[in-house]
Number of protein chains: 2
Amino acid sequence: MNFLSRLFGKKNIMTDITIIGTGNMARGLAARAIAGGNSVQILAHGDKAKADALAAEFTGQVSTGVLGDAVTGSIVIPAVYFDAAKEIVARYGDGLDGKVYVDITNPVDFSTFEGLSVPAGSSAAEELQKATGAKVVKAFNTTFAATLGEGQVAGQKLDVLVAGDDEAAVAAVAAFASAAGLTPIVVGPLRRARQLEQTGFLNILLSANEQLPQFQWNSALSFVPAA
Amino acid sequence: MNFLSRLFGKKNIMTDITIIGTGNMARGLAARAIAGGNSVQILAHGDKAKADALAAEFTGQVSTGVLGDAVTGSIVIPAVYFDAAKEIVARYGDGLDGKVYVDITNPVDFSTFEGLSVPAGSSAAEELQKATGAKVVKAFNTTFAATLGEGQVAGQKLDVLVAGDDEAAVAAVAAFASAAGLTPIVVGPLRRARQLEQTGFLNILLSANEQLPQFQWNSALSFVPAA
(Lines give C-alpha, C1' and ligand atoms only; values in the text may rest on other atoms or scores of the structure.)
Protein backbone atom coordinates (compact mmCIF):
# COMPACT_ATOMS: atom_id res chain seq x y z
CA MET A 1 0.00 0.00 0.00
CA ASN A 2 1.50 3.32 -0.99
CA PHE A 3 1.65 6.66 0.83
CA LEU A 4 -1.65 7.97 -0.51
CA SER A 5 -3.38 4.73 0.29
CA ARG A 6 -2.21 4.98 3.87
CA LEU A 7 -3.28 8.61 4.03
CA PHE A 8 -6.73 8.34 2.55
CA GLY A 9 -7.68 4.69 2.78
CA LYS A 10 -7.65 2.64 -0.35
CA LYS A 11 -11.28 3.11 -1.28
CA ASN A 12 -10.63 6.72 -2.20
CA ILE A 13 -7.51 6.01 -4.22
CA MET A 14 -7.66 5.39 -7.93
CA THR A 15 -5.55 2.61 -9.32
CA ASP A 16 -4.75 1.74 -12.90
CA ILE A 17 -6.04 -1.81 -13.00
CA THR A 18 -8.54 -3.72 -10.91
CA ILE A 19 -8.41 -7.48 -11.20
CA ILE A 20 -11.36 -9.42 -9.80
CA GLY A 21 -10.48 -12.97 -8.89
CA THR A 22 -7.47 -14.73 -7.42
CA GLY A 23 -6.99 -17.69 -9.75
CA ASN A 24 -4.40 -18.43 -12.38
CA MET A 25 -5.61 -15.84 -14.87
CA ALA A 26 -5.71 -13.21 -12.11
CA ARG A 27 -2.13 -14.11 -11.25
CA GLY A 28 -0.98 -13.88 -14.86
CA LEU A 29 -2.74 -10.59 -15.49
CA ALA A 30 -1.45 -9.11 -12.22
CA ALA A 31 2.07 -10.10 -13.20
CA ARG A 32 1.75 -8.30 -16.55
CA ALA A 33 0.01 -5.29 -15.03
CA ILE A 34 2.80 -4.85 -12.50
CA ALA A 35 5.45 -5.45 -15.13
CA GLY A 36 3.84 -2.60 -17.06
CA GLY A 37 4.25 -0.24 -14.13
CA ASN A 38 0.61 -0.13 -13.12
CA SER A 39 -0.93 0.16 -9.70
CA VAL A 40 -3.20 -2.80 -9.17
CA GLN A 41 -6.23 -3.57 -7.03
CA ILE A 42 -7.02 -7.25 -6.47
CA LEU A 43 -10.52 -8.13 -5.30
CA ALA A 44 -11.13 -11.65 -4.04
CA HIS A 45 -14.39 -13.47 -4.40
CA GLY A 46 -15.33 -13.44 -0.71
CA ASP A 47 -12.07 -14.27 1.04
CA LYS A 48 -9.78 -11.25 1.27
CA ALA A 49 -6.94 -13.48 2.46
CA LYS A 50 -6.75 -14.91 -1.02
CA ALA A 51 -6.27 -11.45 -2.51
CA ASP A 52 -3.64 -10.67 0.11
CA ALA A 53 -1.82 -13.92 -0.66
CA LEU A 54 -1.79 -13.16 -4.38
CA ALA A 55 -0.68 -9.57 -3.76
CA ALA A 56 2.18 -10.86 -1.64
CA GLU A 57 3.63 -12.59 -4.72
CA PHE A 58 4.40 -9.21 -6.28
CA THR A 59 6.51 -6.19 -5.60
CA GLY A 60 4.60 -3.09 -6.61
CA GLN A 61 1.60 -0.96 -5.83
CA VAL A 62 -0.99 -3.57 -5.03
CA SER A 63 -4.07 -3.06 -2.90
CA THR A 64 -6.58 -5.75 -2.01
CA GLY A 65 -10.20 -6.17 -1.13
CA VAL A 66 -13.23 -8.29 -1.82
CA LEU A 67 -15.88 -8.41 -4.47
CA GLY A 68 -18.32 -5.63 -3.73
CA ASP A 69 -15.64 -3.12 -2.71
CA ALA A 70 -15.50 -0.05 -4.93
CA VAL A 71 -13.51 -0.71 -8.08
CA THR A 72 -10.63 1.76 -7.99
CA GLY A 73 -9.08 0.85 -11.34
CA SER A 74 -9.91 2.75 -14.50
CA ILE A 75 -9.56 -0.63 -16.18
CA VAL A 76 -11.33 -3.55 -14.54
CA ILE A 77 -10.57 -7.14 -15.48
CA PRO A 78 -12.79 -9.83 -14.00
CA ALA A 79 -10.50 -12.87 -14.24
CA VAL A 80 -13.34 -15.32 -13.84
CA TYR A 81 -15.58 -17.58 -15.91
CA PHE A 82 -18.36 -16.09 -18.00
CA ASP A 83 -21.15 -16.96 -15.55
CA ALA A 84 -19.27 -15.29 -12.71
CA ALA A 85 -18.58 -12.29 -14.93
CA LYS A 86 -22.31 -11.86 -15.51
CA GLU A 87 -22.86 -11.92 -11.74
CA ILE A 88 -20.14 -9.33 -11.19
CA VAL A 89 -21.67 -7.00 -13.77
CA ALA A 90 -25.10 -7.40 -12.17
CA ARG A 91 -23.76 -6.88 -8.67
CA TYR A 92 -21.88 -3.67 -9.44
CA GLY A 93 -24.65 -2.22 -11.57
CA ASP A 94 -23.82 1.40 -12.41
CA GLY A 95 -20.70 1.18 -10.25
CA LEU A 96 -18.76 0.23 -13.38
CA ASP A 97 -20.17 2.96 -15.62
CA GLY A 98 -17.52 4.64 -17.71
CA LYS A 99 -14.80 2.20 -16.78
CA VAL A 100 -12.94 0.07 -19.26
CA TYR A 101 -14.12 -3.50 -18.72
CA VAL A 102 -11.86 -6.20 -20.13
CA ASP A 103 -13.71 -9.41 -20.94
CA ILE A 104 -11.23 -12.28 -20.98
CA THR A 105 -13.77 -15.09 -20.96
CA ASN A 106 -14.19 -18.09 -23.21
CA PRO A 107 -17.84 -19.04 -22.68
CA VAL A 108 -17.29 -22.74 -23.30
CA ASP A 109 -20.29 -24.98 -22.67
CA PHE A 110 -18.58 -27.25 -20.18
CA SER A 111 -21.50 -29.68 -20.10
CA THR A 112 -20.67 -30.77 -23.65
CA PHE A 113 -17.27 -29.19 -24.38
CA GLU A 114 -18.63 -28.92 -27.92
CA GLY A 115 -19.29 -25.24 -28.34
CA LEU A 116 -19.97 -21.90 -26.71
CA SER A 117 -22.84 -21.13 -24.36
CA VAL A 118 -23.76 -17.83 -26.01
CA PRO A 119 -26.53 -17.24 -28.55
CA ALA A 120 -25.64 -17.71 -32.22
CA GLY A 121 -24.67 -14.34 -33.62
CA SER A 122 -23.43 -13.04 -30.29
CA SER A 123 -20.50 -13.44 -27.91
CA ALA A 124 -19.78 -13.26 -24.22
CA ALA A 125 -18.38 -9.77 -24.71
CA GLU A 126 -21.53 -8.54 -26.43
CA GLU A 127 -23.77 -10.15 -23.83
CA LEU A 128 -21.81 -8.43 -21.05
CA GLN A 129 -21.95 -5.11 -22.90
CA LYS A 130 -25.76 -5.34 -22.92
CA ALA A 131 -25.66 -5.54 -19.12
CA THR A 132 -23.18 -2.82 -18.15
CA GLY A 133 -22.45 0.86 -18.60
CA ALA A 134 -18.76 0.05 -18.69
CA LYS A 135 -16.94 0.05 -22.03
CA VAL A 136 -16.39 -3.61 -22.77
CA VAL A 137 -13.22 -4.64 -24.57
CA LYS A 138 -12.47 -8.25 -25.46
CA ALA A 139 -8.87 -9.22 -24.80
CA PHE A 140 -6.65 -11.90 -23.27
CA ASN A 141 -9.02 -14.77 -24.09
CA THR A 142 -6.39 -16.48 -26.25
CA THR A 143 -3.50 -16.15 -23.80
CA PHE A 144 -3.11 -18.89 -21.23
CA ALA A 145 -2.48 -17.92 -17.62
CA ALA A 146 0.96 -19.46 -17.40
CA THR A 147 2.11 -17.64 -20.51
CA LEU A 148 0.94 -14.30 -19.11
CA GLY A 149 3.02 -14.98 -16.04
CA GLU A 150 6.08 -15.40 -18.21
CA GLY A 151 5.08 -12.78 -20.78
CA GLN A 152 6.40 -14.95 -23.60
CA VAL A 153 6.44 -18.45 -25.07
CA ALA A 154 9.57 -19.95 -26.57
CA GLY A 155 11.11 -16.49 -26.67
CA GLN A 156 8.23 -14.99 -28.62
CA LYS A 157 6.18 -12.09 -27.31
CA LEU A 158 2.53 -12.95 -26.76
CA ASP A 159 -0.11 -11.65 -29.13
CA VAL A 160 -3.10 -10.09 -27.37
CA LEU A 161 -6.12 -9.92 -29.65
CA VAL A 162 -8.26 -6.88 -28.80
CA ALA A 163 -11.78 -6.03 -29.96
CA GLY A 164 -14.05 -3.21 -28.85
CA ASP A 165 -16.39 -0.46 -29.92
CA ASP A 166 -15.01 2.40 -27.82
CA GLU A 167 -11.86 3.72 -29.42
CA ALA A 168 -10.36 5.14 -26.23
CA ALA A 169 -11.11 1.97 -24.29
CA VAL A 170 -9.51 -0.18 -26.98
CA ALA A 171 -6.48 2.11 -27.00
CA ALA A 172 -6.19 1.86 -23.21
CA VAL A 173 -6.19 -1.95 -23.34
CA ALA A 174 -3.71 -2.00 -26.20
CA ALA A 175 -1.44 0.39 -24.28
CA PHE A 176 -1.69 -1.84 -21.22
CA ALA A 177 -0.64 -4.85 -23.30
CA SER A 178 2.25 -2.97 -24.91
CA ALA A 179 3.54 -1.67 -21.59
CA ALA A 180 3.38 -5.22 -20.27
CA GLY A 181 5.73 -6.41 -23.02
CA LEU A 182 3.01 -8.03 -25.13
CA THR A 183 1.93 -7.44 -28.74
CA PRO A 184 -1.61 -6.03 -29.01
CA ILE A 185 -3.46 -6.71 -32.24
CA VAL A 186 -6.59 -4.59 -32.50
CA VAL A 187 -8.93 -6.76 -34.51
CA GLY A 188 -11.99 -4.54 -34.82
CA PRO A 189 -15.34 -3.86 -33.16
CA LEU A 190 -16.68 -5.75 -30.17
CA ARG A 191 -18.63 -8.17 -32.35
CA ARG A 192 -15.31 -9.58 -33.54
CA ALA A 193 -15.35 -11.26 -30.13
CA ARG A 194 -17.43 -13.91 -31.91
CA GLN A 195 -14.32 -14.93 -33.81
CA LEU A 196 -11.98 -14.38 -30.86
CA GLU A 197 -14.08 -16.66 -28.65
CA GLN A 198 -14.22 -19.46 -31.21
CA THR A 199 -10.48 -19.10 -31.70
CA GLY A 200 -10.00 -19.11 -27.94
CA PHE A 201 -12.06 -22.27 -27.72
CA LEU A 202 -9.87 -23.86 -30.40
CA ASN A 203 -6.80 -22.89 -28.38
CA ILE A 204 -8.35 -24.55 -25.33
CA LEU A 205 -9.27 -27.67 -27.31
CA LEU A 206 -5.63 -28.18 -28.28
CA SER A 207 -4.42 -28.20 -24.68
CA ALA A 208 -7.38 -30.34 -23.59
CA ASN A 209 -6.58 -32.94 -26.28
CA GLU A 210 -4.45 -35.70 -24.83
CA GLN A 211 -3.36 -36.69 -28.32
CA LEU A 212 -1.52 -33.39 -28.62
CA PRO A 213 1.07 -33.61 -25.83
CA GLN A 214 2.92 -30.58 -27.19
CA PHE A 215 0.08 -28.38 -25.96
CA GLN A 216 -0.13 -28.17 -22.17
CA TRP A 217 -1.86 -24.89 -21.37
CA ASN A 218 1.44 -23.15 -21.99
CA SER A 219 1.40 -22.56 -25.75
CA ALA A 220 0.82 -19.29 -27.57
CA LEU A 221 -1.61 -18.49 -30.34
CA SER A 222 0.43 -16.29 -32.62
CA PHE A 223 -0.11 -14.45 -35.88
CA VAL A 224 3.37 -14.46 -37.35
CA PRO A 225 4.00 -11.65 -39.85
CA ALA A 226 6.28 -12.26 -42.81
CA ALA A 227 9.88 -11.41 -41.97
CA MET B 1 3.34 -36.94 -67.84
CA ASN B 2 5.16 -40.04 -66.74
CA PHE B 3 5.73 -43.35 -68.53
CA LEU B 4 2.56 -45.00 -67.31
CA SER B 5 0.53 -41.98 -68.24
CA ARG B 6 1.86 -42.14 -71.78
CA LEU B 7 1.20 -45.86 -71.95
CA PHE B 8 -2.33 -45.97 -70.62
CA GLY B 9 -3.65 -42.45 -70.95
CA LYS B 10 -3.96 -40.31 -67.89
CA LYS B 11 -7.57 -41.11 -67.11
CA ASN B 12 -6.64 -44.62 -66.09
CA ILE B 13 -3.70 -43.57 -63.97
CA MET B 14 -4.06 -42.92 -60.30
CA THR B 15 -2.29 -39.94 -58.86
CA ASP B 16 -1.75 -38.96 -55.26
CA ILE B 17 -3.39 -35.56 -55.21
CA THR B 18 -5.98 -33.92 -57.43
CA ILE B 19 -6.25 -30.16 -57.18
CA ILE B 20 -9.30 -28.53 -58.70
CA GLY B 21 -8.74 -24.90 -59.61
CA THR B 22 -5.85 -22.86 -60.94
CA GLY B 23 -5.79 -19.86 -58.60
CA ASN B 24 -3.40 -18.87 -55.85
CA MET B 25 -4.45 -21.57 -53.42
CA ALA B 26 -4.17 -24.19 -56.16
CA ARG B 27 -0.66 -22.94 -56.87
CA GLY B 28 0.34 -23.05 -53.21
CA LEU B 29 -1.11 -26.51 -52.65
CA ALA B 30 0.48 -27.85 -55.85
CA ALA B 31 3.83 -26.51 -54.70
CA ARG B 32 3.54 -28.32 -51.38
CA ALA B 33 2.17 -31.50 -52.96
CA ILE B 34 5.09 -31.66 -55.35
CA ALA B 35 7.58 -30.78 -52.60
CA GLY B 36 6.17 -33.77 -50.75
CA GLY B 37 6.94 -36.10 -53.65
CA ASN B 38 3.37 -36.59 -54.81
CA SER B 39 2.04 -37.03 -58.29
CA VAL B 40 -0.51 -34.32 -58.94
CA GLN B 41 -3.49 -33.83 -61.22
CA ILE B 42 -4.62 -30.25 -61.82
CA LEU B 43 -8.13 -29.72 -63.15
CA ALA B 44 -9.02 -26.29 -64.48
CA HIS B 45 -12.47 -24.80 -64.26
CA GLY B 46 -13.23 -24.92 -67.98
CA ASP B 47 -9.99 -23.77 -69.61
CA LYS B 48 -7.40 -26.55 -69.72
CA ALA B 49 -4.74 -24.04 -70.81
CA LYS B 50 -4.86 -22.60 -67.29
CA ALA B 51 -4.11 -26.01 -65.79
CA ASP B 52 -1.30 -26.50 -68.29
CA ALA B 53 0.15 -23.10 -67.43
CA LEU B 54 0.08 -23.85 -63.72
CA ALA B 55 1.57 -27.32 -64.26
CA ALA B 56 4.40 -25.74 -66.27
CA GLU B 57 5.52 -23.89 -63.14
CA PHE B 58 6.53 -27.16 -61.51
CA THR B 59 8.98 -29.98 -62.10
CA GLY B 60 7.33 -33.22 -61.15
CA GLN B 61 4.61 -35.67 -62.07
CA VAL B 62 1.81 -33.31 -62.99
CA SER B 63 -1.11 -34.13 -65.25
CA THR B 64 -3.83 -31.70 -66.26
CA GLY B 65 -7.43 -31.65 -67.33
CA VAL B 66 -10.68 -29.84 -66.77
CA LEU B 67 -13.45 -29.98 -64.24
CA GLY B 68 -15.56 -33.00 -65.08
CA ASP B 69 -12.60 -35.22 -65.97
CA ALA B 70 -12.25 -38.25 -63.74
CA VAL B 71 -10.49 -37.41 -60.48
CA THR B 72 -7.37 -39.59 -60.44
CA GLY B 73 -6.08 -38.53 -57.01
CA SER B 74 -6.86 -40.49 -53.90
CA ILE B 75 -6.92 -37.09 -52.21
CA VAL B 76 -8.90 -34.36 -53.95
CA ILE B 77 -8.56 -30.72 -52.97
CA PRO B 78 -10.95 -28.26 -54.55
CA ALA B 79 -8.99 -25.01 -54.25
CA VAL B 80 -12.04 -22.87 -54.78
CA TYR B 81 -14.58 -20.83 -52.83
CA PHE B 82 -17.29 -22.60 -50.85
CA ASP B 83 -20.04 -22.00 -53.43
CA ALA B 84 -17.86 -23.48 -56.18
CA ALA B 85 -17.00 -26.41 -53.91
CA LYS B 86 -20.68 -27.19 -53.52
CA GLU B 87 -21.06 -27.19 -57.29
CA ILE B 88 -18.06 -29.50 -57.69
CA VAL B 89 -19.48 -31.97 -55.21
CA ALA B 90 -22.85 -31.91 -56.96
CA ARG B 91 -21.31 -32.30 -60.39
CA TYR B 92 -19.15 -35.31 -59.52
CA GLY B 93 -21.87 -37.04 -57.53
CA ASP B 94 -20.72 -40.54 -56.63
CA GLY B 95 -17.53 -39.98 -58.65
CA LEU B 96 -15.85 -38.87 -55.43
CA ASP B 97 -17.09 -41.73 -53.25
CA GLY B 98 -14.39 -43.14 -51.02
CA LYS B 99 -11.88 -40.43 -51.84
CA VAL B 100 -10.36 -38.12 -49.27
CA TYR B 101 -11.87 -34.70 -49.88
CA VAL B 102 -9.95 -31.78 -48.38
CA ASP B 103 -12.15 -28.78 -47.68
CA ILE B 104 -9.97 -25.67 -47.53
CA THR B 105 -12.77 -23.13 -47.69
CA ASN B 106 -13.59 -20.20 -45.47
CA PRO B 107 -17.29 -19.61 -46.15
CA VAL B 108 -17.14 -15.87 -45.52
CA ASP B 109 -20.32 -13.94 -46.29
CA PHE B 110 -18.72 -11.50 -48.71
CA SER B 111 -21.87 -9.38 -48.92
CA THR B 112 -21.32 -8.21 -45.35
CA PHE B 113 -17.82 -9.46 -44.44
CA GLU B 114 -19.29 -9.87 -40.97
CA GLY B 115 -19.61 -13.60 -40.59
CA LEU B 116 -19.86 -16.98 -42.24
CA SER B 117 -22.52 -18.03 -44.71
CA VAL B 118 -23.21 -21.39 -43.10
CA PRO B 119 -26.00 -22.27 -40.68
CA ALA B 120 -25.33 -21.72 -36.98
CA GLY B 121 -24.09 -24.98 -35.53
CA SER B 122 -22.57 -26.13 -38.79
CA SER B 123 -19.59 -25.46 -41.03
CA ALA B 124 -18.70 -25.55 -44.69
CA ALA B 125 -17.00 -28.89 -44.13
CA GLU B 126 -20.07 -30.44 -42.54
CA GLU B 127 -22.35 -29.05 -45.25
CA LEU B 128 -20.10 -30.56 -47.92
CA GLN B 129 -20.00 -33.88 -46.07
CA LYS B 130 -23.80 -34.03 -46.23
CA ALA B 131 -23.55 -33.81 -50.02
CA THR B 132 -20.77 -36.26 -50.86
CA GLY B 133 -19.70 -39.86 -50.38
CA ALA B 134 -16.12 -38.69 -50.10
CA LYS B 135 -14.46 -38.52 -46.70
CA VAL B 136 -14.31 -34.83 -45.94
CA VAL B 137 -11.35 -33.49 -44.01
CA LYS B 138 -11.00 -29.82 -43.09
CA ALA B 139 -7.47 -28.49 -43.60
CA PHE B 140 -5.48 -25.59 -45.04
CA ASN B 141 -8.16 -22.99 -44.32
CA THR B 142 -5.81 -21.03 -42.06
CA THR B 143 -2.79 -21.06 -44.38
CA PHE B 144 -2.57 -18.28 -46.94
CA ALA B 145 -1.68 -19.18 -50.52
CA ALA B 146 1.60 -17.31 -50.59
CA THR B 147 2.78 -19.00 -47.43
CA LEU B 148 2.02 -22.44 -48.86
CA GLY B 149 4.14 -21.56 -51.86
CA GLU B 150 7.07 -20.84 -49.55
CA GLY B 151 6.21 -23.54 -47.02
CA GLN B 152 7.16 -21.25 -44.14
CA VAL B 153 6.80 -17.77 -42.67
CA ALA B 154 9.70 -15.96 -41.05
CA GLY B 155 11.57 -19.25 -40.87
CA GLN B 156 8.77 -21.02 -39.03
CA LYS B 157 7.07 -24.11 -40.42
CA LEU B 158 3.40 -23.64 -41.16
CA ASP B 159 0.79 -25.19 -38.91
CA VAL B 160 -1.94 -27.05 -40.79
CA LEU B 161 -5.04 -27.54 -38.65
CA VAL B 162 -6.82 -30.76 -39.57
CA ALA B 163 -10.29 -31.96 -38.57
CA GLY B 164 -12.21 -34.99 -39.78
CA ASP B 165 -14.32 -37.96 -38.79
CA ASP B 166 -12.57 -40.67 -40.83
CA GLU B 167 -9.37 -41.67 -39.09
CA ALA B 168 -7.59 -42.92 -42.20
CA ALA B 169 -8.58 -39.85 -44.18
CA VAL B 170 -7.32 -37.56 -41.42
CA ALA B 171 -4.08 -39.52 -41.26
CA ALA B 172 -3.65 -39.23 -45.02
CA VAL B 173 -4.02 -35.45 -44.92
CA ALA B 174 -1.69 -35.16 -41.94
CA ALA B 175 0.88 -37.31 -43.74
CA PHE B 176 0.55 -35.12 -46.83
CA ALA B 177 1.20 -32.01 -44.72
CA SER B 178 4.18 -33.59 -42.98
CA ALA B 179 5.75 -34.76 -46.23
CA ALA B 180 5.30 -31.24 -47.57
CA GLY B 181 7.37 -29.81 -44.72
CA LEU B 182 4.43 -28.49 -42.74
CA THR B 183 3.25 -29.19 -39.19
CA PRO B 184 -0.12 -30.93 -39.06
CA ILE B 185 -2.19 -30.45 -35.91
CA VAL B 186 -5.11 -32.88 -35.78
CA VAL B 187 -7.75 -30.95 -33.88
CA GLY B 188 -10.57 -33.47 -33.73
CA PRO B 189 -13.76 -34.48 -35.52
CA LEU B 190 -15.15 -32.73 -38.56
CA ARG B 191 -17.44 -30.52 -36.50
CA ARG B 192 -14.32 -28.79 -35.16
CA ALA B 193 -14.38 -27.12 -38.57
CA ARG B 194 -16.79 -24.69 -36.89
CA GLN B 195 -13.88 -23.37 -34.87
CA LEU B 196 -11.37 -23.68 -37.70
CA GLU B 197 -13.58 -21.62 -40.01
CA GLN B 198 -14.12 -18.85 -37.46
CA THR B 199 -10.38 -18.84 -36.82
CA GLY B 200 -9.73 -18.77 -40.56
CA PHE B 201 -12.10 -15.83 -40.85
CA LEU B 202 -10.19 -14.04 -38.08
CA ASN B 203 -6.96 -14.69 -39.97
CA ILE B 204 -8.53 -13.18 -43.09
CA LEU B 205 -9.84 -10.18 -41.15
CA LEU B 206 -6.33 -9.30 -40.03
CA SER B 207 -4.95 -9.16 -43.57
CA ALA B 208 -8.04 -7.32 -44.80
CA ASN B 209 -7.66 -4.67 -42.08
CA GLU B 210 -5.75 -1.70 -43.45
CA GLN B 211 -4.92 -0.60 -39.91
CA LEU B 212 -2.77 -3.71 -39.53
CA PRO B 213 -0.09 -3.21 -42.19
CA GLN B 214 2.00 -6.03 -40.73
CA PHE B 215 -0.56 -8.53 -42.08
CA GLN B 216 -0.57 -8.74 -45.87
CA TRP B 217 -1.95 -12.20 -46.74
CA ASN B 218 1.49 -13.58 -45.98
CA SER B 219 1.34 -14.18 -42.23
CA ALA B 220 1.03 -17.50 -40.44
CA LEU B 221 -1.44 -18.55 -37.76
CA SER B 222 0.70 -20.54 -35.39
CA PHE B 223 0.20 -22.41 -32.15
CA VAL B 224 3.60 -22.07 -30.52
CA PRO B 225 4.39 -24.81 -28.00
CA ALA B 226 6.48 -23.97 -24.95
CA ALA B 227 10.18 -24.44 -25.63
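Residues numbered from 1 in each chain as written. Chains lettered and ligands numbered in written order. Predicted model: local features only at pLDDT ≥ 70, side-chain atom pairs only at ≥ 80, totals over all residues. Heavy atoms only, no water.

Things to note about the interface of chain B and chain A
Then, in step 1: The interface of chain B with chain A comprises 34 residues on the first partner and 34 residues on the second.
Then, in step 2: Regarding the contact of chain B and chain A, the summed buried area is about 3100 Å², with carbon and sulfur atoms giving 63% of it.
Then, in step 3: Put simply, Glu114(A) and Arg191(B) hold a salt bridge, and the shortest N to O gap is 2.6 Å.
Then, in step 4: Run the count over chain B and chain A and you get 12 residue pairs in polar contact (both at pLDDT 80 or more). (Contact = heavy atoms within 4.5 Å. Buried area = accessible area lost by both parts, 1.4 Å probe. Salt bridge = Lys/Arg side-chain N within 4 Å of Asp/Glu carboxyl O. Polar contact = N/O pair within 3.5 Å; in protein donor to acceptor, adjacent residues only side chain to side chain.)

Observations concerning the sheet that holds strand β1 (residues 15-20) of chain A
Residue and element names in this part refer to chain A.
Then, in step 1: What the 8 strands build is an open sheet, ordered β3-β2-β1-β4-β5-β6-β9-β10; its pairing is mixed. Every other strand in the sheet has two partners, leaving β3 (62-66) and β10 (183-188) as the edge strands with one partner each. Each strand axis lies, on average, 25 degrees off the axis of its neighbour in the sheet, ignoring direction.
Then, in step 2: As defined by bridge partners, strand β4 (residues 73-78) adjoins strand β5 (residues 100-103) across 2 bridges and the pair is classed as parallel. When the bridges of β5 are listed, Ile75 appears paired with Val100. (Pairing = 2+ DSSP bridges. Helix = DSSP H or I, 4+ residues; strand = E, 2+ residues; numbered from the N terminus. Axes fitted to C-alpha atoms, helices over the stretch in contact; angles between N-to-C directions.)

Regarding the packing of aromatic side chains
Then, in step 1: Taken as a whole, this structure holds 12 aromatic pairs over all chains when the rule is applied.
Then, in step 2: Ring centres of Phe223(A) and Phe215(B) lie 6.4 Å apart, and the angle between their planes is 75 degrees; this geometry places the pair in the edge-to-face category. You can see Phe223(A) sitting in strand β11 (residues 220-224) and its partner Phe215(B) sitting in the loop between α8 (193-208) and β11 (220-224), one on each of two chains.
Then, in step 3: Taking the centre distance of 5.9 Å and the plane angle of 85 degrees together, the rings of Phe113(B) and Phe201(B) count as edge-to-face. Highlighted residues: Phe113(B) in the loop between β5 (100-103) and α5 (124-131) and Phe201(B) in helix α8, separated in sequence by 88 residues.
Then, in step 4: Each residue in the set Tyr81(A), Phe110(A), Phe113(A) and Phe201(A) is aromatic and connected to the rest through ring pairs, giving one cluster. (Phe/Tyr/Trp six-rings, centres within 6.5 Å; stacked < 30°, edge-to-face > 60°.)

Structural notes on the layout of surface pockets
Then, in step 1: One number sums up the size of the largest pocket: a volume of about 770 Å³.
Then, in step 2: Asn24(B), Met25(B), Tyr81(B), Ile104(B) and Ala145(B) are, among the 28 residues lining the largest pocket, the residues nearest its centre.
Then, in step 3: Going through the elements one at a time, α2 (24-35), α6 (145-150) and α8 of chain B are the ones with two or more residues in the lining of the largest pocket.
Then, in step 4: Tallying contributions element by element places α2(B) first for the lining of the largest pocket, with 4 residues.
Then, in step 5: Class assignment of the residues belonging to the lining of the largest pocket gives a composition of 13 nonpolar, 14 polar and 1 charged.
Then, in step 6: Quantified by volume, the second largest pocket comes out at close to 650 Å³.
Then, in step 7: The wall of the second largest pocket is formed by 27 residues, among which Asn24(A), Met25(A), Tyr81(A), Phe144(A) and Ala145(A) lie closest to the centre.
Then, in step 8: It is helix α2 (residues 24-35) of chain A that provides the largest number of residues to the lining of the second largest pocket, a total of 4 residues.
Then, in step 9: Grouping the constituent residues of the lining of the second largest pocket by class yields 14 nonpolar, 12 polar and 1 charged. (1 Å grid on protein atoms, 1.4 Å probe; cavity = no way out; pocket = protein on both sides within 12 Å on 5 of 7 lines; lining within 4 Å. Points joined across faces, edges and corners; volume = space filled by probe spheres on them. Nonpolar A, V, L, I, M, F, W, Y, C, P; charged D, E, K, R; others polar.)

Comments concerning helix α3 (residues 48-55) of chain B
Residue and element names in this part refer to chain B.
Then, in step 1: Of the positions making up α3, those classed as buried are Ala51, Leu54 and Ala55. Down the axis of α3, the buried side of the element spans an arc of 100 degrees, and every buried residue falls inside it.
Then, in step 2: Against the buried residues of α3 lie α2, β2 (40-44) and β3 (62-66). (Buried < 20%, exposed > 50% of the residue type's maximum accessible area, 1.4 Å probe, protein only. Arc of directions from axis to C-beta.)

What about the packing of helix α4 (residues 82-92) of chain A against helix α5 (residues 124-131) of chain A?
All names here are of chain A.
Then, in step 1: Two numbers describe how α4 lies on α5: the axes approach to 10 Å, and their chain directions differ by 15 degrees. With respect to α5, the axis of α4 lies roughly parallel. Judged by the sense of rotation from one axis to the other, the crossing of α4 with α5 is right-handed. Taken together, the residues of α5 that come into contact with α4 (itself represented by Phe82, Ala85, Lys86 and Val89) are Ala124, Glu127, Leu128 and Ala131.
Then, in step 2: Partitioning the contact of α4 with α5 into residue classes produces 6 nonpolar, no polar and 2 charged. (Parallel < 35°, antiparallel > 145°, perpendicular 65-115°, else oblique. Left-handed = near helix turned anticlockwise from the far one by under 90°.)

Points about the sheet that holds β3(B)
Residue and element names in this part refer to chain B.
Then, in step 1: The mixed open sheet is built from 8 strands, whose spatial order is β3-β2-β1-β4-β5-β6-β9-β10. Edge strands, defined here as strands with exactly one partner in the open sheet, are β3 and β10 (183-188). In this sheet, adjacent strand axes meet at a mean angle of 25 degrees when their direction is disregarded.
Then, in step 2: Here strand β9 (residues 159-164) pairs with β10 via 5 bridges, running parallel. What sits directly across from Val162, in β10, is Val186.
Then, in step 3: Across the sheet, α3 is in contact with β2 and β3; its angle to β3 comes to roughly 165 degrees.

Thoughts on the UniProt feature "domain: Pyrroline-5-carboxylate reductase catalytic N-terminal" (unreviewed entry) in chain A
Then, in step 1: In the UniProt entry, the feature "domain: Pyrroline-5-carboxylate reductase catalytic N-terminal" (unreviewed entry) is given for residues 17-107 of chain A.
Then, in step 2: Secondary structure across residues 17-107 of chain A divides into 34% helix and 26% strand, with the first and last C-alpha atoms of the span separated by 23 Å. (UniProt positions renumbered as here; feature names shortened; annotations may be inferred.)

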